[in-house]
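Each chain, letter by letter, is given below.
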Amino acid sequence: MQPDDQTPGSLPRSTRFTPESLPGSTTFTAESLLTSTTSTSDSPLSRSRSRRWFLGLGTAWGAALAACAKTPPAEPSALGAPVSAYGSRARFERANRFFNQNTKVPLEEAASRTPLRDTYGIITPSSLHFERHHSGVPEIDPSKHTLTIHGLVDRPLVITVDELKKLPSRSRIHFLECSGNGSSEWRGAGEPDAQRAHGLTSCSEWTGVSLALLLKECGLRPEGTWILAEGADPCHMSRSLPIEKALNDVMVVYGQNGEPLRPEQGYPIRLLVPGWEGNVNVKWLRRVKVLDQPAMTRDETSKYTDLMPDGTARQFTFRMEAKSLITRPSGGDTLPGAGLYELTGLAWSGQGAIAHVDVTLDGGGTWTRAELQTPVLPVAHTRFRLSWRWDGREAIIASRCTDETGYVQPTLAELVAVRGVHSNYHNNSIQLWKVGADGKVTNANRA
Amino acid sequence: MRIARSLAVALVFAWSATIWSTKSFAERQAETQPPPFGVGRAPTPAELHEIDIDVLPDGRGLPAGGSTAATGKDVYARRCVTCHGPTGVEGPQDVLVGGRGSLASAVGGRPVKTVGSYWPYATTLWDYVRRAMPFDHPGTLTTDEVYGATAYVLFLNGIVAEQDVMNETTLPRVKMPNRDSFVPDPRPDVPAHKPEPQKKK
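Per chain, the residues get numbers from 1 upward, laid out in the order the sequence is written. Ligands are numbered from 1 and chains lettered from A, in the order in which they are written. Where totals are concerned, whole chains, interfaces and linings use all residues; where local detail is concerned, this predicted model gives features only for residues with pLDDT of at least 70, and gives and counts side-chain atom pairs only at 80 or more.

Enquirer: I'd love a proper account of the overall build of chain B, names of residues and values included.
Expert: Secondary structure assignment for chain B yields seven helices and three strands. The secondary structure listing takes helices from DSSP runs of H or I that are at least 4 residues long and strands from runs of E that are at least 2 residues long, numbered from the N terminus. Secondary structure elements of chain B occur, N-terminal to C-terminal, as α-α-α-β-α-α-α-α-β-β. In chain B, once contacts between residues fewer than 6 apart in sequence are set aside, the share between residues at least 24 apart is 58%. Contacts are defined on C-beta atoms placed from the backbone: any two residues whose C-beta positions lie within 7 Å are in contact.

Enquirer: Before we move on, could you go through the pairing of strand S20 (residues 382–390) of chain A and cite the residues and values that matter?
Expert: All names here are of chain A. Whether two strands pair comes down to DSSP finding at least two bridges between them. As paired strands, strand S16 (residues 339–348) and S20 are joined by nine bridges and run antiparallel to one another. Across the sheet, the residue bridging to leucine 346 is arginine 383, located in S20. Here strand S19 (residues 371–372) runs beside S20; their pairing, made up of two bridges, is antiparallel. When the sheet's bridge partners are listed, leucine 372 is paired in S20 with phenylalanine 384.

Enquirer: How would you explain the environment of Pro184(B) if you had to name every residue and give the values?
Expert: Topologically, Pro184(B) is positioned in strand S3 (residues 182–184). With C-beta atoms placed from the backbone, a residue counts as buried when 20 or more other C-beta atoms lie within 10 Å of its own, as exposed when 12 or fewer do, and as partly exposed for counts between those limits. Here Pro184(B) falls in the exposed class, since 9 other C-beta atoms lie within 10 Å of it. Separated by 144 residues in the primary sequence, Pro184(B) and Gly40(B) have C-alpha atoms spaced 37 Å apart. Once you skip the residues sitting within four places of it in the chain, Pro184(B) turns out to touch Gln315(A) and Phe316(A).

Enquirer: Can you explain the interface of chain A and chain B? Please cite residues and give values.
Expert: Counting from both sides, the interface comprises 56 residues of chain A and, opposite them, 50 residues of chain B. For the side of chain A that touches chain B, the secondary structure elements donating two or more residues are strand S3 (146–151), strand S4 (157–160), helix H4 (161–166), helix H6 (211–218), strand S12 (285–291), strand S14 (313–315) and helix H8 (412–419) of chain A. Each residue belonging to the side of chain A that touches chain B can be placed in one class, and the counts come to 21 nonpolar, 19 polar and 16 charged. Looking at chain direction, S14(A) and S3(B) are connected through three bridges and run parallel. Of the residues in S3(B), the one forming a bridge with Ala313(A) is Phe182(B). Residues are grouped as follows: nonpolar covers Ala, Val, Leu, Ile, Met, Phe, Trp, Tyr, Cys and Pro; charged covers Asp, Glu, Lys and Arg; every other residue, Gly included, is treated as polar.

Enquirer: Help me get a handle on the sheet that holds S14(A), residues and values and all.
Expert: Across the sheet, which stays open at both edges, the three strands sit in the order S13(A)-S14(A)-S3(B) with mixed pairing between neighbours. Pairing within the sheet leaves two strands with one partner each, and these edge strands are strand S13 (306–307) of chain A together with S3 of chain B. Note that S13(A) and S14(A) share two bridges and pair antiparallel. Across the sheet, the residue bridging to Leu307(A) is Ala313(A), located in S14(A).

Enquirer: Pulling in residues and values, what's your account of helix H7 (residues 143–156) of chain B?
Expert: All names here are of chain B. With 14 residues, H7 should reach 20 Å at 1.5 Å per residue; the first-to-last C-alpha distance of 20 Å fits that figure. Here H7 lies mainly inside the structure; 12 of its 14 residues are buried. Those residues of H7 that fall on the buried side of the exposure criterion are Glu145, Val146, Tyr147, Gly148, Ala149, Thr150, Ala151, Tyr152, Val153, Leu154, Phe155 and Leu156. Of the surrounding secondary structure, the elements contacted by the buried residues of H7 are strand S1 (66–67), helix H4 (69–79), helix H6 (122–132) and strand S2 (166–167). Of the residues flanking the end of H7, it is glycine 158, one or two places downstream, whose phi is positive at about 70°. One fewer than the residue count of a helix, multiplied by 1.5 Å, yields its expected span.

Enquirer: Got a sec to walk through the nonpolar core? Specific residues and values, please.
Expert: Each nonpolar core consists of buried Ala, Val, Leu, Ile, Met, Phe, Trp, Tyr and Cys residues. Their C-beta atoms, within 7 Å, join them into a set. In this structure, Ile227(A), Val252(A), Ala149(B) and Tyr152(B) are the most contacted members of the largest nonpolar core, which totals 85 residues. Counting residues per element, this core draws most heavily on H7(B), at nine residues. When neighbours within four sequence positions are excluded, Tyr152(B) is seen to be in contact with Ala69(B), Gly72(B), Lys73(B), Val75(B) and Tyr76(B). Of all hydrophobic cores here, the second largest spans 43 residues; its members include Ala189(A), Trp348(A), Val357(A) and Val408(A).

Enquirer: Could you give me a rundown of unusual backbone geometry, with the residues and numbers involved?
Expert: Cis geometry is adopted by the peptide bond preceding Pro329(A), which originates at Arg328(A) and carries an omega value of -5°. Mapped onto the fold, Pro329(A) is located in the loop between strand S15 (323–328) and S16. In the segment running from Arg187(B) into Pro188(B), the intervening peptide bond is cis, with an omega of 5°. One non-glycine residue, Trp284(A), lies in positive phi territory at about 50°. Looking at the secondary structure, you find Trp284(A) in the loop between strand S11 (270–272) and S12. Phi is positive for Val379(A), close to 55°, though the residue is something other than glycine. Locating Val379(A) in the fold gives a position in the loop between S19 and S20. Looking at Val379(A), the number of C-beta atoms within 10 Å reads 23, which means it is buried.

If you want it as structure tokens, here you go:
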């Protein structure tokens, strides 16, 4: 395989919608999409069928292609749209965040999940970054917003957003994952697809200022051992962090994927705590207080603590350990028949870079090393791929990652043996998908 | 003579070292390291008073005031009952009462994590009610209403008596039933998957 193989999302110029060429209402030919990864001449499949799978079976493509069939020609002869001030995606695209509207949980404190199956590469579009709010998304005027740093410092400071932007900046690509991601899977298969089971992780390029720099600016006192970070959302969500982490790699960020943070991601500023559970990455950051102990806020005592079988609860379980899953094919997909496929997925670790990802096609009997898309970045989503010639028989497929510390992603049984099924958070176990003989892909997790 | 002179020199050194050490680390840092960028301004006392709302387990941050469960029952009925139910167990939102003894798996059934069965600090309840409750109008309770609602939820859990006054002195002294059940993060905890020891070159 080429180390830099073609991304399915970048359609070449020769791509054309041709309503006649494919079965059913879905129509597409994309000659060059397949050439780098698929040798169609030796495929047992008809070319159209393998392409159809390759291009995606999700509702997005289905809707797109159906829409095209109704509005020919695909190559317009009239003039297209003029330039515009702010871009938007093609109207054929339908990938969205998922959230459950039929729940007793108010949507202001709900979560929405990234469509992991339908994203390419390692960056999550800001508009598809997962959400978890505690009292809704506040509308904050950046010209009126300030960050106050006080407590055990010599010079308490109020800093404006503009002042923050004058300080030395840095950009880092990091994943951000809610520690509740995968919590549906503790007793085996809980959710039907990758988005609903694991969509509480996203990866962005974040730009901002080192918190260590800001604490130095304030004259951090040696008795300061923890910080409390607090949001400007109506409930003033707050979390404590040890000073060692605060001085290490924590940032106050204002940029996400090249533009200001989205409101859902903490506009105008948020804390970014690389590799640690999402909840500590306090959004709409308004205050950092240096303390000599953790504040024991609600979200670090009654929530985000991991209940063990003996009734004790682990507290300050900040780190997100290594995790991976195959995102295509994944739950909800249907493979049209035996033949050549590309498996792809994401791996990440809060402990550093991903060292390697192994994929099993036989339920864990044998493992094959997958190719990693470079650059492989520390504490970032890492894209892996593997070619697979499916023989058309039922198969259990899964990925297992190892990070640079040597930590290996565990099986669900291994996690449950230690933690039981009530710890809720930090389920980073191996995700099993079953590919049925009928091609249907389902969640095959089992306790 | 020589010894005396050495002694004098040593004394001067010791004295100056004493002077040095009476200055705080921060003062020394301030002397030697001025703020590198000089951004921002000092908050006014009024600004800090407005924003500095956190309450620590030892009671630091609790404002003067106080109330009892008997009084707080009315606050609960007006501001809490819709989401948490008449006795704190009905929901539809978080269950506040009960669940004692349900946490260990050996008990069987689902653990019921409530203020009474799970929360380790009474001050956390006060802090959370003040900053985040009621859900649709956070931050609108008066100080005494927060003390009252806190007292009432503790009373419903059988942790304080109905007439116990909860204030900035008494609340931090309330020992929550699950206080000693929290442990530090022991991960990596899955034996076969711990990182291999790093070989030193």
